[in-house]
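Descriptive structure summary
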Amino acid sequence: MSNYVGRFAPSPTGPLHFGSLVSALASFLDARHQRGTWLLRIEDLDPPRESVDAPSIIVQQLLAHGLRWDGDILYQHTRLPDYAFCVNTLLKSQHAYPCDCTRKKIAAVYSGTCRDKPRDAITDPYAYRLRIDNEQVGIDDRCLGAVSWDGAADVGDFIIKRKDGLFAYQLAVVVDDHFQGVTDIVRGADLLDSTPRQICLAFKLGYPQPRYLHHPLVFGDDGDKLSKQTHAAPVDLLNPTLNLRRALTFLGQPPVPDSIADVQGLLAQAVQNWQVALIPKSRV
Ligand code: GLU
């Protein structure tokens, strides 16, 4: 075992579609190729958007494709006290502040209206935002190379706890990646915009920065990215080897010989073959 820790962290808003299988497979192969640990975290933070059956369907889909994780599954709904503790830490260190602005008033990058409002001028309901100044944030993405952002222009103060009392994805993902000792984040390029937010948040919480690899997204015939919200077809359990072969092709990896017909044999070969340099580079 190396000290590499990777993870797959689906939100249970529906079953996995082909795009999510690609993500799961990429993070699995990268972890196993480096003899690392691969964790499964179910990001069940937002009950109104989730489907009750999704966690068990996702587990079934991963197992049918031979994607076995290490240790127990971490469910984010069990982690709320830690998120609350971190929000409090950020408030105490004045990295976060309450904000009662309505969505209508807010442009793509928040202008900071509530930053210096006196506490008693904030009315219910309010959210908490992280304060972002002129921070320059950069990564050396293992697929895309150097990517950088300007804190004030590209990021702005963002929500870490919502008005409805739910913790934001950005907060929970950072707190849990640190809690689980994740060293390597391998995920789709749709989350590239979230990366500078997560780096700023990790920095303010005193966490080390993980390595990143953002792979290209899968688009459907209609030209839209496959997504659970738009009800992309679930990955079927009947043809796992075919699904895996298609996902490997999408990731630019060498084909596994047809003579290997079982899931475990196919994955073993794919782990051996895995080459990040072959993944197509795309920021979408
Ligand atoms: N839960 C997020 C999603 O399903 C992914 C989190 C991540 O990989 O950082 O889109």
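Description of the structure in this document. Every chain is numbered independently, its residues counted from 1 as its sequence is written. At least 70 in pLDDT is required for a residue's local features to be given in this predicted model, at least 80 for side-chain atom pairs to be given and counted, and no such filter applies to totals for whole chains, interfaces and linings, which use all residues. Processing note: side-chain calculations cover all non-hydrogen atoms of the structure and skip hydrogens and water entirely.

Put simply, DSSP marks the helices as runs of H or I at least four residues long and the strands as runs of E at least two long, and each gets a number from the N terminus on. One can find L251 in the loop between helix 7 (240–250) and helix 8 (263–273). Note on classification: 1.4 Å probe, protein chains only; a residue is buried when its accessible area is under 20% of the maximum for its type, exposed when over 50%, partly exposed between these limits. When its relative accessible area of 0% is taken as the criterion, L251 is described as buried. Between the alpha carbons of L251 and P15 there is a distance of 21 Å; along the sequence they are 236 residues apart. Contacts were defined at the residue level, with two residues in contact if any of their heavy atoms lie within 4.5 Å. Contacts of L251, omitting those with residues within four sequence positions, involve V22, L25, A26, H215, W274, L278, I279 and P280.

Within the secondary structure layout, Q61 lies in helix 2 (residues 54–64). Not counting residues up to four positions away in its chain, the partners in contact with Q61 are P15, L16, P234, V235 and L237.

Definition used in this section: a nonpolar core is a set of buried Ala, Val, Leu, Ile, Met, Phe, Trp, Tyr and Cys residues joined via side-chain atoms within 4.5 Å. Core analysis: the biggest nonpolar cluster contains 39 residues, and L25, L29, L62 and L67 have the highest contact counts within it. Every element with two or more residues in this core is listed here: helix 1 (18–33), strand 2 (37–42), helix 2, helix 7 and helix 8. Take this core: its biggest share by element is nine residues, from helix 1. Beyond its immediate stretch of four places on either side in the chain, L29 contacts L248, L267, A270, V271 and W274. Ranked by size, the runner-up nonpolar core spans 35 residues in total, among them I132, L144, L192 and I199.

Here the focus is the packing of helix 1 against helix 7. Direction vectors running N to C along helix 1 and helix 7 enclose 75 degrees, while the axes themselves pass 9 Å from each other. Taken together, helix 1 and helix 7 sit at an angle that is classed as roughly perpendicular. Residues F18, L21, V22, L25 and L29 of helix 1 lie in contact with helix 7, whose contacting residues are N243, L244, R246, A247, L248 and F250. Classification used: nonpolar for Ala, Val, Leu, Ile, Met, Phe, Trp, Tyr, Cys and Pro, charged for Asp, Glu, Lys and Arg, polar for all others including Gly. Counted by class, the contact of helix 1 with helix 7 contains nine nonpolar, one polar and one charged residues. To define axes, lines are fitted to C-alpha atoms, for helices over the stretch in contact only, and angles between the resulting N-to-C directions are given on a 0 to 180 degree scale. Should an angle lie under 35 degrees it is considered roughly parallel, over 145 roughly antiparallel, and from 65 to 115 roughly perpendicular; all remaining angles are considered oblique.

Further remarks concern the packing of aromatic side chains. Two rings from Phe, Tyr or Trp (for Trp, the six-membered ring) form a pair when their centres sit within 6.5 Å of each other. Planes less than 30 degrees apart are called stacked, planes more than 60 degrees apart edge-to-face, and all others tilted. Summed over the entire model, instances satisfying the criterion amount to four aromatic pairs. Each ring, one from F28 and one from W38, has its centre 5.2 Å from the other, and the planes form 85 degrees; the classification is edge-to-face. In this pair, F28 is assigned in helix 1 and W38 in strand 2, connecting sequence segments ten residues apart. In terms of burial, F28 and W38 fall into one category: buried. Ring centres of Y126 and Y128 lie 5.7 Å apart, and the angle between their planes is 80 degrees; on these two criteria the pair is classed as edge-to-face. The rings of F8, F28 and W38 are connected pair by pair, giving a single aromatic cluster. Only Lys NZ and Arg CZ are tested; either one counts as a charge over a ring when it is within 6 Å of the ring centre and within 35 degrees of the ring normal. Above the ring of F179, the side-chain terminus of R79 is found at 3.7 Å from the ring centroid.

So, on to the site of the ligand. Around the ligand sit R7, A9, P10, S11, E43, Y169, V173, R187 and L191, and those are all the residues in its vicinity. The residue makeup of the shell around the ligand, split by class, is five nonpolar, one polar and three charged. Consider each residue's heavy atoms; a residue with any of them within 4 Å of a molecule or strand counts as near.

Attention shifts here to helix 7. By the burial criterion, the buried members of helix 7 are P240, N243, L244, R245, A247 and L248. Where helix 7 is buried, its residues touch helix 1, helix 2 and helix 8. Once helix 7 finishes, G252 follows within two positions and takes phi at roughly 75 degrees, a positive value.

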